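# A closer look at the structure
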Amino acid sequence: MTFELPELPYRADALEPFLSKQTLDTHHGKHHRGYINKLNELIDGTDYQDLSLQEIVVRAKENGDTAIFNNAAQSLNHGFLWESMSPDGGSPPAGPLGDAIDAAFGNLKGFKEAFKAKALTQFGSGWVWLVVDSGGLKIVQTGNADTPVQHGVQPILTLDVWEHAYYLDYKNDRGGYVDSFLSDRVNWAFAARNFESIKAAA
Ligand code: MN
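Let me begin by describing the structure that accompanies this report. Because the structure is a prediction, the values reported are computed rather than measured.

## As for the packing of helix 1 (residues 21-43) against helix 3 (residues 66-84)
In contact at an axis separation of 9 Å, helix 1 and helix 3 are set at 145° when each is read in the N-to-C sense. In this structure, helix 1 crosses over helix 3, and the sense of that crossing is left-handed. Mapping the contact onto sequence places Leu24, His27, His28, His32, Tyr35, Ile36, Lys38, Leu39, Leu42 and Ile43 in helix 1 and Ala67, Ile68, Asn71, Ala72, Gln74, Ser75, His78, Gly79, Leu81 and Trp82 in helix 3. Of the residues assigned to the contact of helix 1 with helix 3, the class counts are eleven nonpolar, eight polar and one charged.

Structure, rendered in structure tokens:
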């Protein structure tokens with residue numbers, strides 16, 4: 001199949017002042033589009049072309065097809081990223097997700113501190129993820145294009161910490177970018193939906 005760039009689930013200026021329209025236009029319209037176009041070019045006429053993005057990620061890793069893995073994983077990761085951010089992500093988590101956050105991190109503040117620490121200690125390009133691991137919540141980092149799908153855990157929220165995600169707005173201040181995300185741009189409704197569907201399937 002030919003993959004298409006998914007639309008942003010909000011206007012490109014909707015996350016301001018957390019992220020500018022210029023950042024979203026570039027990140028979505030250039031970077032994410034670039035990964036998708038490159039992937040389509042790489043899989044054309046190969047056994048990969050009938051697989052889903054997730055299947056391509058797993059298969060390409062097994063086969064050592066690095067370029068296909070990188071572009072498929074980045075296509076998948078960015079689709080998940082747009083959903084993880086929101087101009088109005090709802091209230092801080094209550095219900096099952098809120099309980100699981102308290103169990104894993106003490107409280108919401110503890111979660112935010114742990115998430116920020118993982119974001120700041122990811123050396124170079126990568127991602128920070130809130131994942132479900134053996135029924136509980138955990139925060140993990142992945143480098144470059146790597147994705148938790150590869151590591152047997154299920155993501156419910158992510159933040160891109162590649163410089164291209166924040167440099168136009170924050171220069172080298174990754175911490176300021178993460179703080180702004182955590183203060184009022186997390187899509188908690190998305191995270192709660194993911195968490196509850198993972199628990200229901202377990
Ligand atoms: Mn990115």
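There's more to say after this.
## Structural notes on the coordination of the manganese ion
The protein atoms donating to the manganese ion are His27 (NE2), His78 (NE2), Asp160 (OD) and His164 (NE2), with metal-donor distances spanning 1.9 to 2.1 Å. Mapped onto the sequence, the residues coordinating the manganese ion show the spacing H-x50-H-x81-D-x3-H. Pair noted here: His78 is in helix 3 and Asp160 is in strand 3 (residues 154-160), with a separation of 82 residues, a long-range link. Judged by relative accessible area, His78 falls into the buried class, the value being 0%.

## Comments concerning the nonpolar core
Judged by nonpolar contacts, the single largest core of 48 residues is most densely connected at Met85, Phe111, Leu137, Ile156 and Tyr177. The two domains that each donate at least three residues to this core are domain 1 (21-84) and domain 2 (95-201). Leave out the neighbours within four places in its chain, and Leu137 touches Leu97, Ala100, Ile101, Ala104, Phe105, Leu130, Val131, Val132, Ile156 and Phe195. Counting residues in each nonpolar core, the second largest holds 16 residues, with Leu39, Ala73, Leu76 and Ala145 among its members.

## Re the side chain of Asp146
By the element assignment, Asp146 lies in the loop between strand 2 (136-143) and strand 3. The side chain of Asp146 is buried and forms no salt bridge, while Lys61, the nearest opposite charge, is found at 4.7 Å.

## Digging into helix 5 (residues 108-121)
Along its 14 residues, helix 5 runs 20 Å from first to last C-alpha, staying within 8% of the 20 Å computed at 1.5 Å per residue. Where helix 5 is concerned, the buried positions are Gly110, Phe111, Phe115 and Ala119. Along its buried surface, helix 5 packs onto helix 4 (95-105), strand 1 (126-133), strand 2, strand 3, helix 7 (174-184) and helix 8 (188-201). Two or three places before Lys109, at the start of helix 5, stands the capping residue Asn107, its side-chain oxygen 3.2 Å from that residue's backbone nitrogen.

## Some thoughts on the pattern of salt bridges
Counted according to the given criterion, the structure contains seven salt bridges. A salt bridge links Asp13 to Arg11, with the shortest nitrogen-to-oxygen separation between them at 2.7 Å. You can call Asp13 partly exposed: its relative accessible area is 26%. The closest approach of N and O atoms between Lys138 and Asp133, which form a salt bridge, is 2.9 Å. We classify Asp133 as partly exposed; its relative accessible area is 22%.

About the criteria used
Residues numbered from 1 in each chain as written. Predicted model: local features only at pLDDT ≥ 70, side-chain atom pairs only at ≥ 80, totals over all residues. Heavy atoms only, no water. Axes fitted to C-alpha atoms, helices over the stretch in contact; angles between N-to-C directions. Helix = DSSP H or I, 4+ residues; strand = E, 2+ residues; numbered from the N terminus. Left-handed = near helix turned anticlockwise from the far one by under 90°. Contact = heavy atoms within 4.5 Å. Nonpolar A, V, L, I, M, F, W, Y, C, P; charged D, E, K, R; others polar. Donors = N, O, S within 2.8 Å, 3.2 Å for Na, K, Ca; no water. Buried < 20%, exposed > 50% of the residue type's maximum accessible area, 1.4 Å probe, protein only. Core = buried A, V, L, I, M, F, W, Y, C linked by side-chain atoms within 4.5 Å. Domains from an automatic or database assignment. Lys, Arg positive; Asp, Glu negative; His and termini not counted. Salt bridge = Lys/Arg side-chain N within 4 Å of Asp/Glu carboxyl O. Expected span 1.5 Å × (residues − 1). Polar contact = N/O pair within 3.5 Å; in protein donor to acceptor, adjacent residues only side chain to side chain.

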